[in-house]
Amino acid sequence: MKVMYMLVAILAFTSSLVSAYDPSPLQDFCVAVKEPSGVFVNGKFCKDPKQVKAEDFFLHVEPGNTNNPMNAQVTPVFVDQLPGLNTLGISLARIDFAQKGLNPPHTHPRGTEILIVLEGTLYVGFVSSNQDGNRLFTKVLNKGDVFVFPIGLIHFQLNVGYANAVAIAALSSQNPGTITIANALFKANPPISVDVLAKALQVDNKVIDDLQKSSWYDQN
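Residues numbered from 1 in each chain as written. Predicted model: local features only at pLDDT ≥ 70, side-chain atom pairs only at ≥ 80, totals over all residues. Heavy atoms only, no water.

Caption draft 1: View of the packing of aromatic side chains. Per the stated rule, a full pass over the model turns up five aromatic pairs. The interplanar angle of 15° and the centroid separation of 4.9 Å between the aromatic rings of F126 and F137 together place this pair among those described as stacked. Residue F126 is located in strand β8 (residues 122-127), and its partner F137 is located in strand β9 (residues 136-141); the two are separated by 11 residues in the primary sequence. Given a relative accessible area of 10%, F126 falls into the buried group. Three or more aromatic residues joined by ring pairs form one cluster here, namely F126, F137, F147 and F149. (Phe/Tyr/Trp six-rings, centres within 6.5 Å; stacked < 30°, edge-to-face > 60°. Helix = DSSP H or I, 4+ residues; strand = E, 2+ residues; numbered from the N terminus. Buried < 20%, exposed > 50% of the residue type's maximum accessible area, 1.4 Å probe, protein only.)

What follows is the structure, given as structure tokens:
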């Protein structure tokens with residue numbers, strides 16, 4: 001009987017892990033379409049397999065425009081940009097940095113990110129959870145270096161070199177989602193109560209009021 005209980009517990013734990021991530025496909029592909037027709041899988045309707053073409057799996061990515069307050073630009077290649085990614089459990093993004101460009105602190109609630117630097121020098125890091133003491137893990141990366149950001153943790157990338165930088169981020173979900181921390185706090189719709197934020201951040205209400213009135217740039 002103890003063996004049976006142990007087996008049930010292991011199966012329950014395994015199934016909970018599986019359900020936490022993108023489902024494995026049960027067919028060769030399920031190209032996403034916007035029209036509500038056919039089979040609905042992982043939040044998208046599937047294109048008729050007989051109508052699928054090579055173009056459904058192809059996308060050309062141009063360098064991002066870094067002429068913005070962050071001096072950086074993220075160009076996502078998620079399922080909404082590349083329909084052939086549907087059910088495949090992966091995606092990527094190109095990140096372009098001008099000098100001192102910053103991909104500000106953010107999190108991907110549904111995906112782990114692994115980053116490789118193609119050009120330039122980046123200072124990158126992530127912060128662990130409250131239970132781990134909010135430890136900061138950082139590294140300076142150069143061309144060819146790789147760094148991984150665990151799923152759901154706040155992370156960032158800053159260009160600390162003397163030239164432009166380019167990186168590619170691969171993610172373990174077709175739609176990992178992005179939460180830019182500053183935008184979530186100060187540009188929530190409707191706004192988070194000033195009293196809540198002032199107490200949470202231990203500042204005067206006027207500071208929060210000014211921050212909520214500021215123009216926050218979201219490049220994701």
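On we go.
Caption draft 2: Looking closely at the state of the cysteines. Tallied over the full model, the rule gives one disulfide. The disulfide partner of C30 is C46, and the S-S distance across this bridge is 1.6 Å. Taking the torsion about the sulfur-sulfur bond, which here is approximately -65°, the covalent link between C30 and C46 counts as left-handed. Here C46 lies in strand β3 (residues 44-46) and C30 lies in the loop between α1 (2-19) and β1 (32-33), a separation of 16 residues in the sequence. For C30, a relative accessible area of 1% translates into the label buried. (Disulfide = S-S within 2.5 Å.)

Caption draft 3: Seen up close, the UniProt feature "binding site: Mn(2+)" (unreviewed entry) in the protein chain. Under the local residue numbering, the UniProt record ascribes the feature "binding site: Mn(2+)" (unreviewed entry) to H106, H108, E113 and H155. With the annotated positions falling across 50 residues, the maximum pairwise C-alpha distance of 11.6 Å places them together in a single cluster. Mapped onto the elements of the fold, H106 is located in strand β6 (residues 102-107). Ignoring sequence-local partners within four residues, the contact set of H106 consists of E113, L153, I154, H155, Q157, T178, I179, T180 and I181. Here P104 takes part through its backbone oxygen, which lies 2.7 Å from a polar atom of the side chain of H106. (UniProt positions renumbered as here; feature names shortened; annotations may be inferred. Contact = heavy atoms within 4.5 Å. Polar contact = N/O pair within 3.5 Å; in protein donor to acceptor, adjacent residues only side chain to side chain.)

Caption draft 4: Summary view of the pairing of β6. Here three bridges tie β6 to strand β11 (residues 155-159), and the two strands are oriented antiparallel to one another. Note on β11: the bridge partner recorded for L102 is L158. The sheet contact formed by β6 and strand β13 (residues 179-180) spans two bridges and is antiparallel. The residue bridging H106 from the neighbouring strand is T180, located in β13. (Pairing = 2+ DSSP bridges.)

Caption draft 5: Molecular detail of the nonpolar core. Counting 17 residues, the largest nonpolar core has F97, L115, L122 and V124 as the members making the most contacts within it. Mapped onto this core, the elements with two or more residues apiece are β4 (72-77), β5 (91-97), β7 (113-119), β8, β10 (146-149) and β12 (165-171). For L122, the contacting residues outside a window of four places in its chain are F97, L115, V117, K139, V140, L141, L158, N159, V160, A165 and A167. Among the nonpolar cores identified, the runner-up in size contains five residues, and A32, V77, V79 and L85 belong to it. (Core = buried A, V, L, I, M, F, W, Y, C linked by side-chain atoms within 4.5 Å.)

Caption draft 6: Representation of helix α3 (residues 194-201). Measuring from the side-chain oxygen of the N-cap residue of α3 to the backbone nitrogen of D195 gives 3.2 Å; that N-cap residue is S193. Following α3 by one or two positions, Q202 adopts a phi angle in the positive range, close to 60°.

Caption draft 7: Region of interest: the sheet that holds β12. Taken in spatial order, the five strands make up an open sheet running β4-β5-β12-β7-β10, and their pairing is antiparallel. Each having just a single partner strand, β4 and β10 make up the two edges of the open sheet. For this sheet, the mean angle separating the axes of adjacent strands, direction not counted, is 20°. The pairing of β4 with β5 spans six bridges and is antiparallel. Counterpart to V77 in the pairing with β5 is L92. (Axes fitted to C-alpha atoms, helices over the stretch in contact; angles between N-to-C directions.)

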